[in-house]
Protein chains: 2
Amino acid sequence: MPQKRVTSLDVAKRAGVSRTTVSFVLNKTSHQQISPETVLRVQQAAEELGYVPDESARALVSRRAQSIGLIFSRPTVRISSDIFLNQVVVGLLDVVHANQMRLLLDVVEDLDEKNTYVNLVKSRRVDGIILNGPRFDEQALDYLAENDFPTVIMGSLPQSHFCSVDVDNVAAARTAVEHLIHLGHRQIACITNAQAPFTAAIHRLTGYRQALENAGLPYSADQVRFGNFDPQSGYTQMKSLLAGPVRPTAVFVASDVVAYGAISAIHEHGLSIPGDIALVGFDDVPMSNFISPSLTTIRLPATELAVKAGELLLDLIQGKPQEPCQVLLPTELIIRQSCGGKPS
Amino acid sequence: MPQKRVTSLDVAKRAGVSRTTVSFVLNKTSHQQISPETVLRVQQAAEELGYVPDESARALVSRRAQSIGLIFSRPTVRISSDIFLNQVVVGLLDVVHANQMRLLLDVVEDLDEKNTYVNLVKSRRVDGIILNGPRFDEQALDYLAENDFPTVIMGSLPQSHFCSVDVDNVAAARTAVEHLIHLGHRQIACITNAQAPFTAAIHRLTGYRQALENAGLPYSADQVRFGNFDPQSGYTQMKSLLAGPVRPTAVFVASDVVAYGAISAIHEHGLSIPGDIALVGFDDVPMSNFISPSLTTIRLPATELAVKAGELLLDLIQGKPQEPCQVLLPTELIIRQSCGGKPS
DNA sequence: ACGTGTTACTAACTCGTGTTAATTATCGCG
DNA sequence: CGCGATAATTAACACGAGTTAGTAACACGT
């Protein structure tokens, strides 16, 4: 009921100065000279009244919403199970806090919902946006590009001029498979993380292929299956592999979560890991260290990617010069038990 | 470079009317009469120009930020691994979208950072907030209560008058343990989801105790261990239980994620699940259906909780009468393999 | 011709802040 | 004592919308 909203005029009255002076003091407008005692009086008045400027009014005049938008572009089901959403949010909030800004979160499930984030931009609710997930509506992207609205993409969007942040999926996958080869495996299958239209899936498959070729091993399409983000798909595809004519001694599963399903399938066949089949995953989901056997995998630096994306975006917003706009962060092979590389 | 921001004046000019008329048409101000052809002309002009109102200006005059804040109150590490964050976000976005609002996400890690969300309120950035996690700074809560700012709490905050949404943790835990008792177990241990200060942990432990007492079984403190959110703690505490003088035939682990650690520990001891030890979890994390053995657990309706919280909050914001303000949603026992209740 | 009502619209004010240009107090110095 | 320079402060406008109160145009009845 109080509704006693404190305005800058209240502060001004209490300090016995004008509203303008209050603004100067609180925003530390440099080229203005205010006597030290006035500064003190204003600060004290503001403190006592618990004054916090109205952000709408401030945004209106300064043309800065003081917040950025994080847009996840994918179907709802895949968002609920996206293990990295948390880490992205945490990383981004770090950057956002350091710059006194706010984080607005949104999701666009379907392409025809392009308005969701274009409206965000047009209504001036955000000063920049981070797009997470590689599939986006062309029209919305064009709008962003034309108005060169500060935008950073997490993931890779082939042949676009946007700033982006990603890992080198090809190299990472190659590393994973090379590890299996070094352990002596010759019959190595692959289950991707996702269907073909997803660029990350293609890249990881490419890395798999390169590793085989570099080692002089034959690439065979019937040792490849396409996962679909969830353990269920890993289970099904692993069953399919095991039903094939030639049983692999190792599998590169391009997603830890998919790998969990594959593990179930292998165990269900009465086979042991890594005894009968070795497994390498991808992502290093927090839980991968705690399943049995613990999963050898490629660490995807999700938080770091988010931080980098946030920093890039803030630079764009502040108009700082942007030279290298397509950033690739390094991955790391985490060796655990699922390949027999290390003991318990 | 264009920076050609479209304002309502542009629309007015193009339609040959005044700015006021544009506002009336676009906001469908009911008690105003505008001729149908004017309405059409204005709508068309707005469409052609791609006009979207500036939200800061609108918020300033209407006193509505058209967005709500979702605040997670816990250390960063626990946010990165909080499997429900996604589901909460998804549920809330659903409600938010249906009401043309936006979702602002924030995190308060430490109690002295109380300002983060009080500032959100004072600066009028949000029209209401949802607090997730039971531990909050008293001062900040008092501020919300005094100004009766629209607030909904996810979780339980003993003796507060806030609206809240939660599950009945006591009853749910009781159900889980009763299931074990019905299967014939007499020696049932418990690993909590968290340390004692967390009310949910207390409640689940209480449910465990009630089930034992109702069945005439003795409660013994040395069959109880306190987990700490992560698999690591489950692993350690399970080891500790197994090192004790009397080995339990079943364990109620009040968190699936903690249970994953416990499973590792059990397997490492060369024991089988459910053959040697039966296990019931709590939460029904998406992955619990895919580990082996798949986990019998209590389903926590995270998305539904979020939706309910969002709806409550919007009612509060719109000043609708609020009768039952402490909502408890039902849980469900999901029977899988970890208790031997069902076959593969 | 004059009220009375209704319809269709608009001028002018408001929200709370940042900022420019102008105004007043203060000081140094011949 | 006076005069310019400079320090300290403020009046007034802008941002882009929503909204109240008021006006102009027209019809109708007597």
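Everything below is about the structure shown above.
What you see is a predicted model, and the numbers here were worked out from it, not measured in a lab.

### Quick notes on the relation of the copies chain A and chain B
Reasoning step 1: Of the transformation superimposing chain A on chain B, the axial component is 0.1 Å and the angular component is 180 degrees, with the fit at an RMSD of 0.1 Å. Overall, the copies show the geometry of a two-fold rotation axis.
Reasoning step 2: The overlap is high: 100% of the interface residues of chain A also sit at the interface in chain B, so the same surface is used on both sides.

### Observations regarding the protein's contact with DNA strand C
Reasoning step 1: A:Thr7, A:Ser8, B:Ser18, B:Thr21 and B:Thr38 are the nearest of the 26 residues found near DNA strand C.
Reasoning step 2: Each atom of DNA strand C within 4 Å of the protein was assigned to sugar, phosphate or base; sugar and phosphate come to 52%.
Reasoning step 3: In the environment of DNA strand C, a phosphate oxygen lies 3.0 Å from a nitrogen or oxygen atom belonging to the side chain of A:Ser23.
Reasoning step 4: For the surface near DNA strand C, the secondary structure elements donating two or more residues are helix H2 (19-27) and helix H4 (55-62) of chain A together with helix H2 (19-26) and helix H4 (55-62) of chain B.
Reasoning step 5: For the surface near DNA strand C, the element with the highest residue contribution is H2(A), accounting for five residues.
Reasoning step 6: When grouped by side-chain class, the residues that make up the surface near DNA strand C number ten nonpolar, twelve polar and four charged.

### So, the protein's contact with DNA strand D
Reasoning step 1: Every one of the 27 residues lining DNA strand D counts as a neighbour, but A:Ser18, B:Thr7, B:Ser8, B:Arg19 and B:Asn27 are closest to it.
Reasoning step 2: By atom count, sugar and phosphate contribute 55% of the portion of DNA strand D lying within 4 Å of the protein.
Reasoning step 3: Interatomic distance of 2.6 Å between a side-chain N/O atom of B:Thr7 and a phosphate oxygen of DNA strand D.
Reasoning step 4: Residue B:Arg58 places a side-chain N or O atom 3.4 Å away from a phosphate oxygen belonging to DNA strand D.
Reasoning step 5: Counting only elements with at least two residues in the surface near DNA strand D, the list comes to H2 and H4 of chain A together with H2 and H4 of chain B.
Reasoning step 6: Residue composition of the surface near DNA strand D, grouped by class: eleven nonpolar, twelve polar and four charged.

### Here's the deal with the state of the cysteines
Residues and elements named next belong to chain A.
Reasoning step 1: Under the definition given, this model contains two disulfides over all chains.
Reasoning step 2: In this model, Cys163 is linked to Cys325 through a disulfide, with the two sulfur atoms separated by 1.7 Å. With Cys163 in strand E5 (residues 163-167) and Cys325 in the loop between helix H13 (302-317) and strand E11 (326-329), the pair connects residues that are 162 residues apart, well separated along the chain. Comparing Cys163 with Cys325, the two get one shared label, buried.

### What about the packing of aromatic side chains?
Residue and element names in this part refer to chain A.
Reasoning step 1: Applying the stated criterion across every chain, the model contains six aromatic pairs over all chains.
Reasoning step 2: Note that Arg204 overlies the ring of Phe282, its terminal NZ or CZ placed 3.8 Å from the centroid.
Reasoning step 3: The aromatic ring of Tyr219 is capped on one face by Arg209, whose charged end is 4.0 Å from the ring centroid.

### As for the sheet that holds strand E6 (residues 188-191) of chain A
All names here are of chain A.
Reasoning step 1: The strand order E7-E6-E8-E9 describes an open sheet built from four strands, whose pairing is parallel. Because the sheet does not close on itself, it has two edges, and the strands there are strand E7 (224-225) and strand E9 (278-280).
Reasoning step 2: Bridge analysis of E6 against E7 gives two bridges, and the strand direction is parallel. Across the sheet, Cys190 pairs through a bridge with Val224, a residue of E7.

Criteria and thresholds
Residues numbered from 1 in each chain as written. Chains lettered and ligands numbered in written order. Predicted model: local features only at pLDDT ≥ 70, side-chain atom pairs only at ≥ 80, totals over all residues. Heavy atoms only, no water. Least-squares fit on C-alpha atoms with pLDDT ≥ 70 in both. Contact = heavy atoms within 4.5 Å. Near = heavy atom within 4 Å. Polar contact = N/O pair within 3.5 Å; in protein donor to acceptor, adjacent residues only side chain to side chain. Helix = DSSP H or I, 4+ residues; strand = E, 2+ residues; numbered from the N terminus. Nonpolar A, V, L, I, M, F, W, Y, C, P; charged D, E, K, R; others polar. Disulfide = S-S within 2.5 Å. Buried < 20%, exposed > 50% of the residue type's maximum accessible area, 1.4 Å probe, protein only. Phe/Tyr/Trp six-rings, centres within 6.5 Å; stacked < 30°, edge-to-face > 60°. Lys NZ or Arg CZ within 6 Å of the ring centre and 35° of its normal. Pairing = 2+ DSSP bridges.

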